[in-house]
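Listed below are the residues making up each chain.
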Amino acid sequence: MGKNILVVDDSESIREVVSFTLENEGYEVKLGNDGKDALKHLNGDPIDLVITDLHMPEMDGIELIKEIRNKDQYQRVPILFLTTESQASKKQEAKDAGATGWIVKPFVPAKLLAALKKVMR
Amino acid sequence: MDNFKQKFQEEATENLAELEEALLKLEQSPQDSDLIERVFRYMHSLKGGGAMFGFNQLSEFTHHLENVYDQVREGNMQVNQGLLDLTLDAVDHLKVLLHQGDEMSDETQTRHKNLDIQIRKYLQEKQQEPETPQNSNQRQDKTKTFYIYFEPEERLFDNGTNPLFLMDELANLGQAYVMPCLDRIPRLDQLDPQKCYTHWEVVLVTDETEDAIHDVFIFVEDQARIDIHRLSQGNLLENSVFAQFLEQNYRKDQLIGLDAIKYVAQHQESVQPEAHTSQSRDASSGKSGNQGTGGQQNQGKDTGNQKPASPKANGGGKKEDAISSIRVESEKIDHMMNLVSELVTTQARLSLHADQSEDNELEAIAENVQKLTRQLRDNAFDIALVPVETMITRFNRLVRDLSNSLGKKVRLKTEGTETELDKNIIETLTDPLLHILRNCIDHGIETPEERRRAGKPEEGTIMLKAYYSGASVHIQVHDDGKGLDAEKIKQKAVKQKLISPEASLSQKELFDLIFTPGFSTSTNVTDVSGRGVGMDVVKRNLAEIRGEVEIDSEPGTGTTLTVKLPLTLSIIDGLLVQISDNKYVIPLSAVHKIYAANHSDVVDKFNNLIVLDGERIPFFYLRKEFDMPEAESQTEEIVVVQYEGNRIGLVVDTVIGEYQAVLKSLGKMYKYQDMISGATILGDGTVALVMDTNKMIDRFTSDYQQQINVES
């Protein structure tokens, strides 16, 4: 049974690239356009990993991470966020919110998978 | 990756449009932190996407821009006109970059450098972007042995971290001997399963650098004590004495400690390693994590009870969530619309044939097909609808650039931009609207000085309003400028020989002259709206999409242009009616109610009024209007339609029923009539004409008016 990964990014191309990469690896991918949109997947469905961007309209990544950590079922789900090197403070903020790790943009599929392997098997 | 590239380009184009829009709004309210955040976010997406899809120049360029706005966001810098101008120029440049990719033309390159320098100026005194040291990939060939101590905080699990995965990853770097220490696990009744009590000692043999080991723990660096020490060159785990030492001294409840291990390691180094037997190797490798997960089994069992919340593989009940939106080439939609139109026509034939066949089964099927076709049609239409909003950014930019170059202050306000229209209409509509706006700014809005003198605020306002009105969408452009001068229009029209000097025209008729070919009121030709393309072109362009334009103006207070557009172009829901031997379609959206009427009530009435539901309603006897003989039957039907807020009855012989009409153009021979908006092919192959009730009633009314004028 494939693991379920929720990918949240407001950029369609990023979503596509990430989901393409993940699906090739046999994961089940669910997509969210932004934090608010992503919440619809957090309705009791099994989620094994969340990959989210930080800058998004409606609800940003930090908010989403907090929301996820507030839900009993998803309290321990690993969360990776996408970031750029210039955002050291954001990184800390996201970790404080409960994120597990991060992936530095730009990334190639191998890098994405490497980060993923750190937090999910 | 390449197929994603195109998608990125499409997306980035949208992104840029939104960025542009946000920037224009920012100009209005430079303090709005939401807007700054949005601007920042768009730039951020562009940068990230650009780098991912090979637009390195674009990405780098945006990076500097983003840095500037980061400063703005942090409050270290203020948004000012200069910055906005520069950013908008940069947005234009980004559009070019997006198109050209990394292979820039010479011209672009020069521009690129110039803009980049300007942007960097803004950042000059700000600190340089700290370059994060990336893992130096100098791989040393030599195998080394490390001692690693990993002691996470108790609340490690809160972040969703599974330390076992880290151990696993460590093991993947080479050969690892993992020794979890469980001494801190409290008694079961005091144990909080949400906490991590375990700490680990690992002896790792790897070819990788110390950096690579640090990288394993990169996510938990701030949540754990991580000590990494190099014990020796070479593979200590292959040394039987060292391996035995670990095996014998490992206790679940006690650390061996760096000192002890170090001592043994050093001791071993000084002594020539004994030739170890293959048996002892095998014994140790049972515990040491080789490549893969096998070596983790011990720890897995030991720590298992602490990790009830580890992600579980999902069981059944897996729900497929569809992608929330997709991007489709517009040609595909056009093609689909065509097919749907054909299907609707064919379905009409099927329905008719089924009716005549007296085959119940067939009729049922035909009915179902009809229902499905209708749904399919509505769905297809819905797909092709685009909000008016998509045009607005272009308008904002035009208003901004044009008013600046003319030295006027103009602000574009919009309302109802979520109103949706067929994308083909939107495409055709953009140019006429741009022209209308140009006119507003050039001729309508006065200079700040003139406005001050007239007692108006210096800044002129153009209001663009879109709203549904029955079956059509109205787009209203109102400016609060000086309005139209009817007298000046008249003089001009006389000079242009468009009307005779004696003609007496109402104000509205005078205004309408603006739409006559060869008319342009501007006294001095500017390069803005005086390029020979007049409002007549606007009118003609709009007519192509069955749109109309009306003008109204109040001298001194402004001008209002209203563009009326049909919702869709190709298929309408209609009411099929019969008059004599001919069939007509009345757009269902205009139909209010249908009544039966006695022949005597509708023929030869003096004032053409009939009382329906206690209300007096004017009507037209269509046979008469169409120059046909009176009907012989005793009852006829009145279709009451909506006309400019009033209700008007149209008397027809019989109402046949609802009908989906696929509009076909009548061809250029008939383009000068406007009462009929098209024709449709019925199921039996005959043609029904589609009435444009508004225009028709317009015409009838003015005919009567003339009649009255003649008679009086």
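All of the points below concern the structure found in this document. (Residues numbered from 1 in each chain as written. Chains lettered and ligands numbered in written order. Predicted model: local features only at pLDDT ≥ 70, side-chain atom pairs only at ≥ 80, totals over all residues. Heavy atoms only, no water.)

Observations concerning the interface of chain A and chain B
Stage number 1. Each partner contributes to the interface: chain A provides 53 residues, whereas chain B provides 52 residues.
Stage number 2. Across the chain A to chain B interface the summed buried area is about 4500 Å²; carbon plus sulfur atoms make up 52%.
Stage number 3. Looking at the side of chain A facing chain B, the largest losses of area belong to Arg76, Lys118 and Arg121 of chain A, adding up to 20% of the total buried there.
Stage number 4. Linking chain A with chain B are four salt bridges, by the criterion used here.
Stage number 5. Arg76 of chain A serves as the salt-bridge partner of Asp158 of chain B, at 3.3 Å between the closest nitrogen and oxygen.
Stage number 6. Inspection of the region where chain A meets chain B yields 16 residue pairs in polar contact (both at pLDDT 80 or more).
Stage number 7. Residue assignment for the side of chain A that touches chain B shows that the elements contributing at least two residues are α1 (12–24), β2 (28–32), α4 (88–97), β5 (101–104) and α5 (109–119) of chain A.
Stage number 8. Among the residues forming the side of chain A that touches chain B, the class breakdown is 19 nonpolar, 16 polar and 18 charged. (Contact = heavy atoms within 4.5 Å. Buried area = accessible area lost by both parts, 1.4 Å probe. Salt bridge = Lys/Arg side-chain N within 4 Å of Asp/Glu carboxyl O. Polar contact = N/O pair within 3.5 Å; in protein donor to acceptor, adjacent residues only side chain to side chain. Helix = DSSP H or I, 4+ residues; strand = E, 2+ residues; numbered from the N terminus. Nonpolar A, V, L, I, M, F, W, Y, C, P; charged D, E, K, R; others polar.)

Topic: the sheet that holds strand β16 (residues 609–612) of chain B
Residue and element names in this part refer to chain B.
Stage number 1. Strand order in this open sheet of five strands is β15-β18-β19-β17-β16, and the pairing throughout is mixed. The open sheet terminates on both sides in strands that have one partner only, identified here as β15 (591–598) and β16. Averaged over all neighbouring strand pairs, the angle between strand axes comes to 35°, with direction disregarded.
Stage number 2. Strand direction decides the pairing type here: strand β17 (residues 615–621) and strand β19 (residues 646–652), joined by three bridges, are parallel. (Pairing = 2+ DSSP bridges. Axes fitted to C-alpha atoms, helices over the stretch in contact; angles between N-to-C directions.)

Considering the environment of Glu544 of chain B
Residues and elements named next belong to chain B.
Stage number 1. Structurally, Glu544 is set in helix α19 (residues 535–544).
Stage number 2. The exposed category is assigned to Glu544, whose relative accessible area is 60%.
Stage number 3. Taking the C-alpha atoms as reference points, Glu544 and Ile425, 119 residues apart in sequence, are found 9.4 Å from one another. (Buried < 20%, exposed > 50% of the residue type's maximum accessible area, 1.4 Å probe, protein only.)

Examining the nonpolar core
Stage number 1. Core analysis: the biggest nonpolar cluster contains 84 residues, and Ile5, Leu22 and Ile51 of chain A together with Leu19, Leu23, Leu26 and Tyr69 of chain B have the highest contact counts within it.
Stage number 2. Apart from residues no more than four positions distant in its own chain, Ile51 of chain A is found in contact with Ile5, Leu6, Val7, Val8, Val18, Leu22, Leu80, Leu82, Ile103, Leu112 and Leu116 of chain A.
Stage number 3. Membership of the second largest hydrophobic core comes to 46 residues, among which are Leu398, Ile425, Ile445 and Leu484 of chain B. (Core = buried A, V, L, I, M, F, W, Y, C linked by side-chain atoms within 4.5 Å.)

What about empty space enclosed by the protein?
Stage number 1. Taken as a whole and assessed by the stated rule, the structure comprises three cavities of 30 Å³ or more.
Stage number 2. Asp9, Asp10, Ser11, Ile14, Asp53, His55 and Lys105 of chain A together with Arg41, His44 and Ser45 of chain B are the residues that line the second largest cavity.
Stage number 3. Sort the elements by how many residues they give to the lining of the second largest cavity and helix α2 (residues 33–52) of chain B lands first, with three residues.
Stage number 4. Counted by class, the lining of the second largest cavity contains one nonpolar, four polar and five charged residues. (1 Å grid on protein atoms, 1.4 Å probe; cavity = no way out; pocket = protein on both sides within 12 Å on 5 of 7 lines; lining within 4 Å. Points joined across faces, edges and corners; volume = space filled by probe spheres on them.)

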